[in-house]
Amino acid sequence: MDTKLKEVAGVFFKLGCFAFGGPAAHIAMMEEEVVTKRKWMTRAYFLDLIGTTNLIPGPNSTEMTMHCGYERAGKKGLFIAGIAFIFPAIIITAVLAYLYVKYGNLPEVAPFIIGIKPAVLAIIASAIIKLGKKAIKTLELGLIGLLVLIASLLGVNEVLALLLAGIIGMLYFYLKNKSSNSFQTIVPIFLISGLSTSLLKITAINVFWIFLKVGAILYGSGYVLFAYLDAELVTKGWLTRVELLDAIAVGQFTPGPVLSTSTFIGYQLSGFAGALAATTGIFLPSFLFVLILNPLIPKMQKSSLLRYFLDAVNVAAVAVMLAVLVVMTKDTLIDWQTIVIALLALLLVFKTKVSTIWVIIIGAVLGYLLYRFM
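A quick note: this is a predicted structure, and the numbers were derived from the prediction, not measured.

The rules behind the values
Residues numbered from 1 in each chain as written. Predicted model: local features only at pLDDT ≥ 70, side-chain atom pairs only at ≥ 80, totals over all residues. Heavy atoms only, no water. Helix = DSSP H or I, 4+ residues; strand = E, 2+ residues; numbered from the N terminus. Contact = heavy atoms within 4.5 Å. Expected span 1.5 Å × (residues − 1). Bend = angle between axes of the 7 residues up to and from the residue. Core = buried A, V, L, I, M, F, W, Y, C linked by side-chain atoms within 4.5 Å. Buried < 20%, exposed > 50% of the residue type's maximum accessible area, 1.4 Å probe, protein only. Axes fitted to C-alpha atoms, helices over the stretch in contact; angles between N-to-C directions. Parallel < 35°, antiparallel > 145°, perpendicular 65-115°, else oblique. Nonpolar A, V, L, I, M, F, W, Y, C, P; charged D, E, K, R; others polar.

Colleague: Which residues make up the overall build of the protein chain, and what values do they have?
Modeller: When helices and strands are counted, the protein chain shows 15 helices and 0 strands. Sequence-distant contacts, at least 24 apart, represent 76% of the contacts inside the protein chain between residues at least 6 apart.

Colleague: Outline the environment of valine 35, listing residues and values.
Modeller: Take valine 35: it is sitting in helix 2 (residues 23-37). Along the primary structure valine 35 and cysteine 68 are separated by 33 residues, whereas in three dimensions their C-alpha atoms are 9.9 Å apart. Ignoring any residue separated from it by four or fewer positions in sequence, one finds valine 35 in contact with Met30, Met41, Thr42, Arg43 and Phe46.

Colleague: How would you explain helix 4 (residues 60-103) if you had to name every residue and give the values?
Modeller: For helix 4, spanning 44 residues, the distance from its first C-alpha to its last is only 34 Å, which falls clearly below the expected 64 Å at 1.5 Å a residue. Of all bends in helix 4, the biggest is about 150°, found at alanine 73.

Colleague: Describe in detail the nonpolar core, supporting the description with residues and values.
Modeller: Counting residues in hydrophobic clusters, the biggest one holds 113 residues, and the most contacted among them are Phe12, Phe46, Ile124, Val148, Phe211, Leu233 and Ile265. Considering every element that reaches this core, the biggest residue donor is helix 13 (residues 304-332), with 15 residues. Sequence-distant contacts of phenylalanine 12, defined by excluding residues within four places in its chain, comprise Met30, Val34, Trp40, Thr65, Cys68, Gly69, Ala81, Ala84 and Phe85.

Colleague: For helix 15 (residues 356-373), give the residues involved together with the corresponding values.
Modeller: The terminal C-alpha atoms of helix 15 lie 26 Å apart, and with 18 residues this matches the ideal 26 Å at 1.5 Å per residue to within 8%. Residues of helix 15 that are buried include every one of Thr356, Ile357, Val359, Ile360, Gly363, Ala364, Gly367 and Leu370, and no others.

Colleague: Run through the environment of aspartate 2, naming residues and quoting values.
Modeller: Structurally, the position occupied by aspartate 2 is in the segment before helix 1 (3-18). For aspartate 2, a relative accessible area of 45% puts it in the partly exposed group. Taking the C-alpha atoms as reference, aspartate 2 lies 9.2 Å from alanine 73; in sequence the two are 71 residues apart.

Colleague: A description of the packing of helix 3 (residues 43-53) against helix 13 should follow, citing residues and the corresponding values.
Modeller: One can describe the packing of helix 3 onto helix 13 by two numbers: an axis separation of 8 Å at closest approach and a directional angle of 85°. In this view, helix 3 runs roughly perpendicular relative to helix 13, as classed from their interaxial angle. Between helix 3 and helix 13, the contacting residues are Leu47, Asp48, Ile50, Gly51 and Thr52 on the first element and Arg307, Leu310, Val313, Asn314, Ala317 and Val318 on the second. Of the residues in the contact of helix 3 with helix 13, the class split is 6 nonpolar, 3 polar and 2 charged.

See below:
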């Protein structure tokens, strides 16, 4: 393995071990690693990757790791980055699935997670400020971002908000500048077969096809996954709702992508083979989508019309992150302990050069201490 591939593997394996808090937090930590610390790309290009990633199916933060790996080390880097990022979560989830099936319960980790969540808020806030400064190039883009923020807080679907923002921005700036280059239409078409879970027998192959279908059509946050799985598995009698809720809990307190929940469910359905099948099925579409999309991004940047579209989508993506932060803050800061941890995390993030990973660790330890002994 050459130096760049080793570097990619090391960076994203480390993130996979400590990336708590959902896609917004993952992307914030990624920005620090690949833009601020290592300068693999400009912040503007990183924003373009965020914008385009938000428009395709699959887990956004995992697809961002693949984009970053591609930019640093080509196609091999794409696969190395994605696998390195999801590997820790898959292993941890598989072990928890084994313990759950054998003993019927999950370990007590709530105090650590309660401490991690307020620390994550500071990390997301830092990334929003840095990305926002780059994204808001004009007053008009700032207005688009504000409208998307309001729409997101009112419950408008994030993908719909991003698409509308892109179209409005593209048309407005095109008419304003009264000039356009050749318009290269890029229309991704995804053909999804109508697979049915009304199958006679639960096998690893059937598990693979179910999760492949879900991975190919899953838009937005990874938490939407649970609605899909309820329809695909619970209503068909493959999984009880209690088992699904336990799987959701695992996705919440393990690092990395929440889609690693698929590993837990796959093990419940068909043992080790089911875990492998579910994990492969849920993530495979993302690798393929990024492999197809990444080479098209420079072409999109060269087209004036698509550049306007990307600029609007980028500022909209930052607005969606801000909406997530607002909701997370409301749900997380519920007592004096969480407020203390959040304030300390803000101090560490904005006034020191402490790594975001250490901010996460400190938050977890404080959560344990404050909730166990106070």
